[in-house]
Amino acid sequence: WYLFAPVCAIGTYFIAAVFVRSLATWTGMPEVSYMEAFDAEGYGFGWAVLSICVMPAVFEELAFRGVILEAVGGFLKRNEAILVSALLFAILHLSIASIPHLCLMGIILAQLRYMSGSILPGMLLHFTHNLLVISAEHFGDGLLPW
């Protein structure tokens, strides 16, 4: 599961990147830059990794795939619990435009939690996904991280 998670993250990253880029192109809506504030304030890439990759991977996975998924799984069917936790995960990010791909990512993370029996592969997937996002902004062209 620890090798499967980063591979899944590449997929979730590309789905999100293509979706956001397409939405920006079709609607003229500006794309959000996570690295802009870190770079402007002189914090740089290391602090961005800690703030955007490490902390959300740990705390959001503990909250959504640890506490919430387990709690609602106590009285909902498995697929219903997955959907509820995924929707809450997407809504938490406060971006209407991101709800579709964040909900999909939440579903994948919840399925990974059930399949692996551990929350750690989800944390690795979440970390890798976010790392690809900020790497694309910082080192790439905004779509590809290399």
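Scroll up to find the structure.
As the structure is a computational prediction, the values presented were derived from the model and not from experiment. (Residues numbered from 1 in each chain as written. Predicted model: local features only at pLDDT ≥ 70, side-chain atom pairs only at ≥ 80, totals over all residues. Heavy atoms only, no water.)

A.B. asks: So what's going on with helix α5 (residues 99-116)? Which residues, and what values?
C.D. replies: Along its 18 residues, α5 runs 25 Å from first to last C-alpha, staying within 8% of the 26 Å computed at 1.5 Å per residue. For α5, the full list of buried residues reads His101, Leu102, Cys103, Met105, Gly106, Leu109, Ala110, Leu112, Arg113 and Ser116. Elements in contact with the buried residues of α5: α1 (4-27), α3 (44-73), α4 (78-92) and α6 (120-138). (Helix = DSSP H or I, 4+ residues; strand = E, 2+ residues; numbered from the N terminus. Expected span 1.5 Å × (residues − 1). Buried < 20%, exposed > 50% of the residue type's maximum accessible area, 1.4 Å probe, protein only. Contact = heavy atoms within 4.5 Å.)

A.B. asks: I'd like a description of the state of the cysteines, backed by residues and values.
C.D. replies: Within this structure, the stated rule accounts for zero disulfides. Of the cysteine sulfurs around Cys53, a residue in no disulfide, the closest is that of Cys8, at 17 Å. Classification of Cys53 as buried rests on a relative accessible area of 0%. You can see Cys103 has no disulfide; the closest cysteine sulfur is in Cys8, sitting 16 Å from it. (Disulfide = S-S within 2.5 Å.)

A.B. asks: Could you give me a rundown of the side chain of Glu61, with the residues and numbers involved?
C.D. replies: Along the polypeptide, Glu61 turns up in helix α3. A distance of 2.6 Å separates a polar atom in the side chain of Glu61 from a polar atom in the side chain of His126. Those residues in contact with Glu61, other than ones at most four positions away along the chain, are Pro56, Gly66, Leu109, Ile119, Gly122, Met123 and His126. (Polar contact = N/O pair within 3.5 Å; in protein donor to acceptor, adjacent residues only side chain to side chain.)

A.B. asks: For the packing of aromatic side chains, give the residues involved together with the corresponding values.
C.D. replies: Enumeration over the complete set of coordinates arrives at four aromatic pairs. Arranged with centres 5.6 Å apart and planes meeting at 80°, the rings of Trp1 and Phe4 form a pair that is edge-to-face. Overall, Phe4 belongs to the partly exposed group, its relative accessible area being 39%. Consider the rings of Phe64 and Phe89, whose centres lie 5.6 Å apart with planes at 75°: the pair is edge-to-face. (Phe/Tyr/Trp six-rings, centres within 6.5 Å; stacked < 30°, edge-to-face > 60°.)

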